Amino acid sequence: MILNAVARTCCRKRLVLQPISRCMSDNKVSTAEKIAAMSPSEMVKNVVHVSDWNKRLLVFAGRFKTMAEIPDVLPFETVDKGRNKARIKVANYMMVLTAIGCVAMVISGKQAAEKGESVTQLNLDWHKEYNEKARQEAEAQAKK
């Protein structure tokens, strides 16, 4: 296996071997150059009219600095990469928030345990109150 000469990339469930120089140069080509290099049939297949939501995702993902500099037409790959980066960022933020929530619940549970509160005790107290109210209502109905 020659690592310096070939890089492996996955393209729609098939393995594509490309020279590393080509893999490295793809990142340096601007979107305008990619669009200009496309044939008309490729443009129909690979070009996307960018919506406001996709523009916001591209800015959030860091692909562009502002919404004003995003052209109305971009290659599908650019929009897809922006969506994927935004999806990964949101997933990472949610993981951090979940971890913070878990720590907060552990602290809250320990404080409740120090006070003597437990879910079992709260459930027993609620049932006792509920049964008492039901008994009082039954007695009031029986007196009528």
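Residues numbered from 1 in each chain as written. Predicted model: local features only at pLDDT ≥ 70, side-chain atom pairs only at ≥ 80, totals over all residues. Heavy atoms only, no water.

Taken together, Phe-60, Val-90, Tyr-93 and Met-94 make up a surface patch of nonpolar side chains, about 400 Å² in accessible area. The greatest single-element share of the nonpolar patch, amounting to three residues, is contributed by helix α5 (residues 76-115). Mapped onto the elements of the fold, Met-94 is located in helix α5. When its relative accessible area of 53% is taken as the criterion, Met-94 is described as exposed. (Patch = residues over 30% accessible without salt bridge, like charges linked within 9 Å, V, L, I, M, F, W, Y side chains within 5 Å. Areas by Shrake-Rupley, 256 points an atom, 1.4 Å probe, with all protein chains shown as cover. Salt bridge = Lys/Arg side-chain N within 4 Å of Asp/Glu carboxyl O. Helix = DSSP H or I, 4+ residues; strand = E, 2+ residues; numbered from the N terminus. Buried < 20%, exposed > 50% of the residue type's maximum accessible area, 1.4 Å probe, protein only.)

Note that Lys-55 resides in helix α4 (residues 52-61). Once residues lying within four places of it in the same chain are set aside, the contact partners of Lys-55 are Val-50, Met-67, Ile-70, Pro-71 and Asp-72. (Contact = heavy atoms within 4.5 Å.)

The next point concerns the pattern of salt bridges. Considering all chains together, one arrives at two salt bridges under this definition. Here Lys-55 makes a salt bridge to Asp-72, at a shortest N to O gap of 3.3 Å. Residue Lys-55 is located in helix α4, and its partner Asp-72 is located in the loop between α4 and β4 (73-75); the two are separated by 17 residues in the primary sequence. Note on Asp-72: relative accessible area 53%, which makes it exposed. The partner of Glu-132 in a salt bridge is Arg-135, and the shortest N-O contact between them spans 2.8 Å. Here the residue Glu-132 and the residue Arg-135 both occupy positions in helix α6 (residues 119-143), the gap between them amounting to three residues, near one helical turn. A residue is classified by how much of its surface remains accessible, and Glu-132, at 36% relative accessible area, is partly exposed.

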